[in-house]
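# Secondary and tertiary structure notes
The residues making up each chain are set out below.
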Amino acid sequence: MNPEKTVSEAILYRRSVRIYDAAKPIDKTVVKKCIAQAALAPNSSNMQLWEFYHITSKDIITQIAPFCFNQNAAKTAQQLVVFITRKDLWKQRAKANLRFMDSNFGKNTPKEAQSSREKVARNYYGKIIPFAYADFLGVFGFFKYLMMQTIGLFKPVYRQVKNNDMRIVAHKTCGLAAQNFMISMAAKGYDTCPMEGSDTLRIKKLLKLPLGAEINMIVSCGIRSEKGVYGERFRIPFEEVYTEI
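As a starting point, this report considers the structure included with it. Keep in mind it's a predicted model, so treat the numbers as computed, not measured.

## Section: the overall build of the chain
What the chain contains, in helices and strands, is 10 helices and 4 strands. Order of helices (α) and strands (β) in the chain, N terminus to C terminus: α-α-β-α-α-β-α-α-α-α-β-α-β-α. Overall size of the chain, expressed as C-alpha extent along the three principal axes, is 65 × 45 × 40 Å. Relative to its 245 residues, the chain shows a buried fraction of 38%. Restricting the contact set of the chain to residue pairs at least 6 apart, pairs at least 24 apart contribute 78%. About 14800 Å² of surface is accessible on the chain, with carbon and sulfur atoms providing 58% of the total.

## Side note on the packing of helix α2 (residues 28–38) against helix α8 (residues 163–187)
Interhelical geometry of α2 versus α8 gives an angle of 140 degrees and a closest axis separation of 7 Å. Regarding the angle of α2 to α8, the classification is oblique. The two elements α2 and α8 cross, and the hand of that crossing is right-handed. Side by side, α2 and α8 meet where V31, C34, I35, Q37 and A38 of the first sit next to A177, N180, F181, S184 and M185 of the second. Of the residues that constitute the contact of α2 with α8, the class distribution is 7 nonpolar, 3 polar and no charged.

## So, a nonpolar patch on the surface
On the surface, F136, L137, V139, F140, F142, F143 and L146 cluster together to form a nonpolar patch covering roughly 760 Å² of accessible area. You can see F143 is positioned in helix α7 (residues 139–151). By relative accessible area, which is 51% here, F143 ends up exposed.

## Focus on the pairing of strand β4 (residues 214–222)
The element β4 is largely enclosed, with a buried count of 8 among its 9 residues. Direction of pairing for strand β2 (residues 79–85) relative to β4: antiparallel, over a ladder of 7 bridges. Residue pairing in the sheet places Q79 in a bridge with C221 of β4. By the bridge criterion, 5 bridges tie strand β3 (residues 191–195) to β4 in an arrangement that is antiparallel. Note that in β4 the partner of P194 across the bridge is V219.

## Digging into the packing of aromatic side chains
Given two aromatic rings, their pairing is described by the distance between the two centres and the angle made by the two planes. All told, the structure shown has 8 aromatic pairs when counted by the stated rule. Measuring from ring centre to ring centre gives 6.1 Å for F142 and F143, while their planes differ by 65 degrees; the resulting arrangement is edge-to-face. The partly exposed category is assigned to F142, whose relative accessible area is 44%. An aromatic cluster is built from W50, F52, F83 and F181, whose rings are joined through pairwise contacts.

Scoring rules and cut-offs
- Residues numbered from 1 in each chain as written.
- Predicted model: local features only at pLDDT ≥ 70, side-chain atom pairs only at ≥ 80, totals over all residues.
- Heavy atoms only, no water.
- Helix = DSSP H or I, 4+ residues; strand = E, 2+ residues; numbered from the N terminus.
- Buried < 20%, exposed > 50% of the residue type's maximum accessible area, 1.4 Å probe, protein only.
- Contact = heavy atoms within 4.5 Å.
- Areas by Shrake-Rupley, 256 points an atom, 1.4 Å probe, with all protein chains shown as cover.
- Axes fitted to C-alpha atoms, helices over the stretch in contact; angles between N-to-C directions.
- Parallel < 35°, antiparallel > 145°, perpendicular 65-115°, else oblique.
- Left-handed = near helix turned anticlockwise from the far one by under 90°.
- Nonpolar A, V, L, I, M, F, W, Y, C, P; charged D, E, K, R; others polar.
- Patch = residues over 30% accessible without salt bridge, like charges linked within 9 Å, V, L, I, M, F, W, Y side chains within 5 Å.
- Salt bridge = Lys/Arg side-chain N within 4 Å of Asp/Glu carboxyl O.
- Pairing = 2+ DSSP bridges.
- Phe/Tyr/Trp six-rings, centres within 6.5 Å; stacked < 30°, edge-to-face > 60°.

Have a look at this one:
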């Protein structure tokens, strides 16, 4: 394998590769390390509402390919990584953050002895996160929305508190993890292609994902063939998308 690329080199190297070279396998331990780097991505409130399914079985890849509409990126993939959101695990992940605080600040410290930082953090994961994520059939979310809109008449507030808003938050942060993964792969000289076009219901059943899991995207992996990149990179002129204020 070539020397690892810098971040800038990896970003320039990364392309959405549609056809992989069947004669060039990739090391699943390297891919796993890149997934571990994906888990270091920034994410909302450090809730880490994601899971990563690393598909190395050729049989499973063959079964998934038709559910990705037989895209070449899926059919020729050496491996796949399925990025999954788990908004339904918000209680467990909030408790995990609180346990981490126990290891940092000490457990059962009297409130009057807690530092201001600890008080804020414990209040955040103990009260604010439950307020933001708790819902029942969208009813509580609607009332939260009305309440925050009313408060927002008098001061700045966080307004995205409905159930679907929190779902979007989980998908945004999972997307950040996927980008971390693809840049990490590019740094190793490995290629990827993010695929949003798929029958997520059938893939969810195939992988036996729990009810609350949602597929964010599937990333195929391999080494590009000569025809793997379909054309020159095109981007809208930077000046059209950049604004300095």
